[in-house]
Amino acid sequence: MARTLTRRLAKSRRLENAVRNSIAGDEIVERFIAGEHPATAAVVAMQMAHQGLDVTFGQTIGSADTEDEAEAATQVYLETITVAQGAGLDDLDLSVSLPALGLSLGADGAALADANLRRIADAAAQADATVTVDMGHPRHVDAVLAAVAKLREHHPSAGITLQAYLRRTRSDLADWLTPGSRVRLCKGAFPVPDEHDT
């Protein structure tokens, strides 16, 4: 029940606006979010890099409902790479969400997301950066794994995120933990219907 309430609160625009407009909210947000724009985040990332920390850029972009939204999200990722490269950030990792790139857009969604992901990974490689693909809702697991397998044909350093919350992850880890493979293990924050909890 607490998890469901937390998810509902996280999606509330009214709560978001209240937090953004409060002094205490600014302090909370700044602790977890480096900035709303790539240039702002790059400044924070540079400070972290000077402290000897590795940096992963992630965008809080929702699932695309149209091809235009998928293109806009792709452009945000590409801009992030350009800004980070211009700031001289080394060993940058970019965390990418496939639903933001169009994965959920019907029969052609997977192909669109694959193409957009390839554009981002190509740009990242030119900037000596890496890409790690997020794992979103459990219904997307197979599609995300297939996209990363395809991407690794051209970009072997591409990383994958797996959710510890899913029972299937033990088996997925066995498949993906190979020499040189980058795997990020996260808790997982989505409700898990029975058909995905295997």
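A brief look at the structure comes next. The shown structure was predicted, so the numbers you read here are calculated from the model rather than taken from an experiment.

Quick notes on the rules
Residues numbered from 1 in each chain as written. Predicted model: local features only at pLDDT ≥ 70, side-chain atom pairs only at ≥ 80, totals over all residues. Heavy atoms only, no water. Helix = DSSP H or I, 4+ residues; strand = E, 2+ residues; numbered from the N terminus. Buried < 20%, exposed > 50% of the residue type's maximum accessible area, 1.4 Å probe, protein only. Contact = heavy atoms within 4.5 Å. Areas by Shrake-Rupley, 256 points an atom, 1.4 Å probe, with all protein chains shown as cover. Expected span 1.5 Å × (residues − 1). Salt bridge = Lys/Arg side-chain N within 4 Å of Asp/Glu carboxyl O. Pairing = 2+ DSSP bridges. Axes fitted to C-alpha atoms, helices over the stretch in contact; angles between N-to-C directions.

### Details of the overall build of the chain
Logical step 1: When helices and strands are tallied, the chain shows eight helices and five strands.
Logical step 2: Counted from the first residue to the last, the chain has its helices and strands arranged as α-α-α-α-β-α-β-α-β-α-β-α-β.
Logical step 3: In the chain, which comprises 198 residues, the proportion classed as buried is 35%.
Logical step 4: Contacts in the chain between residues far apart in sequence, at least 24 positions, make up 64% of those at least 6 positions apart.
Logical step 5: Surface summary for the chain: the accessible area is close to 12000 Å², and the carbon and sulfur share equals 54%.

### A word on helix 6 (residues 109–126)
Residues lying three or four places apart along an α-helix face the same way, a consequence of the helix completing one turn every 3.6 residues.
Logical step 1: Under the 1.5 Å per step criterion, the end-to-end length of helix 6 is 26 Å for 18 residues, consistent within 8% with the ideal 26 Å.
Logical step 2: Contact partners of the buried residues in helix 6: helix 5 (67–86), strand 2 (93–96), strand 3 (130–133) and helix 7 (141–151).
Logical step 3: Count one or two residues on from helix 6 and you reach aspartate 128, which has phi positive near 55 degrees.

### Topic: the pattern of salt bridges
Logical step 1: Applying the stated rule across the entire model yields seven salt bridges.
Logical step 2: Between lysine 150 and aspartate 114 there is a salt bridge, with its nearest N and O atoms 3.6 Å apart. Taken as a pair, lysine 150 in helix 7 and aspartate 114 in helix 6 lie far apart in primary sequence, 36 residues in all.
Logical step 3: Here arginine 184 makes a salt bridge to aspartate 134, at a shortest N to O gap of 2.7 Å. With arginine 184 in strand 5 (residues 183–186) and aspartate 134 in the loop between strand 3 and helix 7, this residue pair connects regions lying 50 residues apart in the sequence.
Logical step 4: Relative accessible area serves as the criterion here: at 28%, arginine 184 is assigned to the partly exposed category.
Logical step 5: For aspartate 134, a relative accessible area of 23% gives the class partly exposed.
Logical step 6: Shared partners join several salt bridges into a network, and the residues in it are Asp142, Arg168 and Asp172.

### Overview of unusual backbone geometry
Logical step 1: A positive phi angle is found at aspartate 128, which is not glycine, with a value near 55 degrees.
Logical step 2: You can see aspartate 128 is positioned in the loop between helix 6 and strand 3.

### Quick notes on the environment of alanine 45
Logical step 1: Relative to the assigned elements, alanine 45 resides in helix 4 (residues 38–50).
Logical step 2: The class for alanine 45 is buried, based on a relative accessible area of 3%.
Logical step 3: Here the alpha-carbon distance between alanine 45 and leucine 92, two residues 47 residues apart in the chain, equals 9.3 Å.
Logical step 4: What alanine 45 contacts, discounting residues up to four positions off in sequence, is Val55, Phe57 and Leu89.

### Digging into the sheet that holds strand 4 (residues 159–163)
Logical step 1: Spatial ordering of the open sheet is given by 1-2-3-4-5, a layout of five strands whose pairing is parallel. The open sheet is flanked by strand 1 (56–58) and strand 5, the only strands paired with a single partner. Averaged over all pairs of adjacent strands, the angle between strand axes in this sheet comes to 25 degrees, irrespective of strand direction.
Logical step 2: Contacts between helix 7 and the sheet are confined to strand 3 and strand 4, with strand 4 contributing the most and set at about 160 degrees to the helix.

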